[in-house]
Amino acid sequence: MVAEPTADSVDSVLVERNWDDMLRLVGAVHLGRVRSADAIRMVVRNGSPTPLGKALAHYGKIFKTAHILDLTDNPDYRRRIRFDPVLMPEALRGR
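Residues numbered from 1 in each chain as written. Predicted model: local features only at pLDDT ≥ 70, side-chain atom pairs only at ≥ 80, totals over all residues. Heavy atoms only, no water.

**Concerning the overall build of the protein**
Summing up its helical and strand segments, the protein has four helices and two strands in all. The N-to-C order of helical and strand elements in the protein reads α-α-β-β-α-α. Across the 95 residues in the protein, those meeting the buried criterion constitute 20%. The long-range share in the protein, meaning contacts at least 24 apart out of those at least 6 apart in sequence, stands at 44%. Approximately 7700 Å² of the protein is accessible, and the part contributed by carbon and sulfur atoms is 57%. (Helix = DSSP H or I, 4+ residues; strand = E, 2+ residues; numbered from the N terminus. Buried < 20%, exposed > 50% of the residue type's maximum accessible area, 1.4 Å probe, protein only. Contact = heavy atoms within 4.5 Å. Areas by Shrake-Rupley, 256 points an atom, 1.4 Å probe, with all protein chains shown as cover.)

Structure, rendered in structure tokens:
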């Protein structure tokens with residue numbers, strides 16, 4: 001069963017619209033051309049995420065979802081990361 005999109009869905013239009021800026025920011029931080037503190041200022045202003053910050057958050061949801069799916073369905077992945085099943089929600093144990 002596939003669930004309907006929710007408020008937690010990835011906004012691919014937002015990610016696509018900000019993709020070039022996302023790559024520039026990540027590249028600049030990686031190369032040391034932008035300090036981490038300055039990068040934070042680019043993605044959060046006055047306590048609220050900027051459009052770039054929102055796009056980065058939505059992009060991150062993709063990897064979080066893949067990680068959770070691997071945890072629930074891939075025993076090799078759980079062993080590789082030394083996952084503690086006690087931390088897994090009860091509804092997902094035993095799969």
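**Section: the nonpolar core**
Nonpolar side chains in soluble globular proteins tend to be buried together. Formed by Leu14, Val15, Met22, Leu25, Ala28, Val34, Ala39, Val43, Leu52 and Ala55, the largest nonpolar core amounts to ten residues. Of all the secondary-structure elements, those providing two or more residues to this core are helix H1 (12-30), helix H2 (36-43) and helix H3 (51-73). The leading source of residues in this core is H1, at five residues. Not counting chain neighbours up to four residues away, the residues in contact with Val43 comprise Leu25, Ser48, Pro49, Thr50, Leu52, Gly53 and Leu56. (Core = buried A, V, L, I, M, F, W, Y, C linked by side-chain atoms within 4.5 Å.)

**Focus on the pattern of salt bridges**
Under the defined criterion, the tally for this structure stands at three salt bridges. A salt bridge links Asp21 to Arg24; the nearest nitrogen and oxygen atoms lie 2.6 Å apart. Placement of both Asp21 and Arg24 in helix H1 is noted, with a separation of three residues, approximately one turn of the helix. Take Arg24: its relative accessible area is 54%, and that puts it in the exposed class. Salt-bridge contacts for Arg41 lead to Asp38; the nearest nitrogen and oxygen are separated by 2.4 Å. Here Arg41 and its partner Asp38 are both found in helix H2, three residues apart, which amounts to about one turn of the helix. Classification of Asp38 as partly exposed rests on a relative accessible area of 25%. In the salt-bridge network here, residues are joined through shared partners; they are Arg35, Asp38 and Arg41. (Salt bridge = Lys/Arg side-chain N within 4 Å of Asp/Glu carboxyl O.)

**Focus on H1**
In H1, a bend of some 60° at Trp19 exceeds every other bend along the element. On its buried side, H1 packs onto H2 and H3. Phi turns positive one or two residues past the end of H1, at Gly32, with a value near 80°. (Bend = angle between axes of the 7 residues up to and from the residue.)

**Quick word on the packing of H1 against H3**
Helix packing for two helices is described by the angle between their axes and how far apart those axes are. For the pair H1 and H3, interaxial distance at closest approach is 9 Å and the crossing angle is 100°. It follows that H1 is roughly perpendicular to H3 by the angle criterion. Contacts between H1 and H3 involve Leu14, Val15, Asn18, Trp19, Asp21, Met22 and Leu25 from the former and Pro51, Leu52, Lys54, Ala55, Leu56, His58 and Tyr59 from the latter. When grouped by side-chain class, the residues that make up the contact of H1 with H3 number ten nonpolar, two polar and two charged. (Axes fitted to C-alpha atoms, helices over the stretch in contact; angles between N-to-C directions. Parallel < 35°, antiparallel > 145°, perpendicular 65-115°, else oblique. Nonpolar A, V, L, I, M, F, W, Y, C, P; charged D, E, K, R; others polar.)

That is the geometry; function is a separate question.
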